[in-house]
Amino acid sequence: MAGIVVVFDFDKTIIDVDSDNWVVDELGATDLFNQLLPTMPWNSLMDRMMEELHAQGKTIENIAGVLKRVPIHPRIVPAIKSAHALGCDLMVVSDANLFFIETILNHLGLRDYFSEINTNPSFVNEEGRLRISPYHDFHSSPHGCPLCPPNMCKGLILERIQASVSMEGKKKFIYLGDGSGDFCPSLKLKEGDYLMPRKNFPLWNLICQNSMHTIKAEIHEWSDGEELEQILLQLINTVAMEEEKNKSTSAQLFSVDCMYSMSAHEAFPQALPVPH
Ligand SMILES: [Mg+2]
Ligand SMILES: [Zn+2]
């Protein structure tokens, strides 16, 4: 069963905090961060903060150490492993940076479960300082999307993914996110896709405020890792059942056992009770 692409935001979706804030706060640079935030874009500020931390003698190992104790809900890792085991293609689309994300995913033993990590590039320079650059170069080639920050339009990234997987046949997307940066890609999802916004977070608020009718995907909200796991796996099972049904219908056959093993009651709560 390989008809599903699951796209995860990273901060406050896979992990329970914002990795940028986590590193800045844990290394004691919160005041400087808040002071500089009004003066430059977030992504440029993170590069600047890495310069400041390096000047204060904080090493790349210090940063990695802080990342390895980032808070994560205990059901997130099993949810990702189950989705992968069910044959889904998993990807990350995040406005954090590659070093932060790979350090955390490697630490959790999850890196190989993701076929793509789309995020701001980063590297450790010859002085041992982490450099962070924008995903889109907003000086030479601005992305032009009014919804998104200058360094990254997640909608453009999702369109690129949609175009690349469409060559492998019809795929359904499940997109999970929390932030206002996840709104643009939510608008690019198609009918038959699923959107999983985190309840009471900016993406969910944006959807509630004005745009329920502009989102073509079916919306399923979640609050924590436990709900994320439960809803994600239920949606994957629903798609799997539909695929199975389509196959069976064409063969003029239905397996009742199969329908029930896929927890048909949960997937279709509107189903009529069977008379005794
Ligand atoms: Mg996020
Ligand atoms: Zn955009």
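Predicted model only: the values in this text are computed from it and were never measured.

### Structural notes on the overall build of the protein
Along the backbone of the protein there are twelve helices and eight strands. A buried classification covers 34% of the 276 residues belonging to the protein. Of the contacts made within the protein by residues no fewer than 6 positions apart, 65% connect residues no fewer than 24 positions apart.

### Notes on helix α5 (residues 76-85)
In an α-helix, one full turn covers 3.6 residues, which means residues spaced three or four apart are oriented alike. Residues of α5 that are buried include every one of Ile76, Ala79, Ile80 and Ala83, and no others. Here the buried residues of α5 occupy an arc of 95° about the axis, which is enough to place them on one side. Facing away from the buried side of α5 by more than 90 degrees, the exposed set consists of Pro78 and Ala85. Phi turns positive, to about 95°, at Gly87, one or two residues after α5.

### Points about the nonpolar core
By size, the foremost hydrophobic cluster in this structure holds 52 residues, and its most contacted members are Val6, Val7, Ile174, Tyr175, Met196 and Leu232. If we skip the residues at most four places from it in the chain, Ile174 touches Ile4, Val6, Tyr194, Met196, Leu232 and Leu235. In this structure, Cys148, Cys153, Phe183 and Cys184 belong to the second largest nonpolar core, which totals nine residues.

### Observations concerning the sheet that holds strand β2 (residues 89-97)
Reading across from one edge, β3-β2-β1-β6-β7-β8 is the order of the six strands in this open sheet, with parallel pairing throughout. Because the sheet does not close on itself, it has two edges, and the strands there are β3 (114-120) and β8 (218-219). Note: β2 against β3, five bridges, orientation parallel. Along β3, the bridge assignment pairs Val93 with Asn118. Sheet strands touched by helix α6 (residues 98-107): β2 and β3. Its angle to β2, the strand with the most contacts, is close to 130°.

### Points about the UniProt feature "binding site: substrate" (unreviewed entry) in the protein
Per the UniProt record, "binding site: substrate" (unreviewed entry) is annotated on Asp20 and Asp95. Taking the farthest pair of C-alpha atoms as the criterion, the annotated set spanning 76 residues converges on one region, since that pair is 9.6 Å apart. Assignment of secondary structure puts Asp20 in helix α1 (residues 19-26). Not counting residues within four places of it along the chain, the set of residues in contact with Asp20 comprises Met46 and Ala96. Among the secondary structure elements, Asp95 is positioned in strand β2. Given 26 C-beta atoms within a 10 Å radius, Asp95 is considered buried. When residues no more than four places from it in sequence are discounted, the contact partners of Asp95 are Asn120, Met152 and Gly181.

The rules behind the values
Residue numbers run consecutively from 1 along every chain, following the written order of its sequence. Labels follow written order: the first chain is A, the first ligand is 1, and so on. Reporting in this predicted model follows two pLDDT cut-offs: at least 70 for local features of residues, and 80 or more for side-chain atom pairs to be given and counted; totals over whole chains, interfaces and linings ignore these cut-offs and use all residues. For the purposes of this entry, the term helix denotes a DSSP run of H or I that reaches at least four residues, the term strand denotes a run of E that reaches at least two, and both are numbered from the N terminus. To assign burial, the other C-beta atoms lying within 10 Å of each residue's own C-beta are counted, with C-beta atoms placed from the backbone; 20 or more indicates buried, 12 or fewer indicates exposed, and intermediate counts indicate partly exposed. Residues are defined as contacting one another if the C-beta atoms placed from their backbone atoms lie within 7 Å. By arc we mean the arc of the directions from the helix axis to the C-beta atoms, nothing more. Nonpolar cores are built from buried Ala, Val, Leu, Ile, Met, Phe, Trp, Tyr and Cys residues. These are joined into a set through C-beta atoms within 7 Å. When DSSP finds two or more bridges between a pair of strands, those strands are recorded as paired. Helix axes are fitted only over the stretch in contact, all axes being lines through C-alpha atoms; the angle between N-to-C directions runs from 0 to 180 degrees. UniProt positions are given in the numbering used here, feature names are shortened, and annotations may be inferred rather than shown by experiment.

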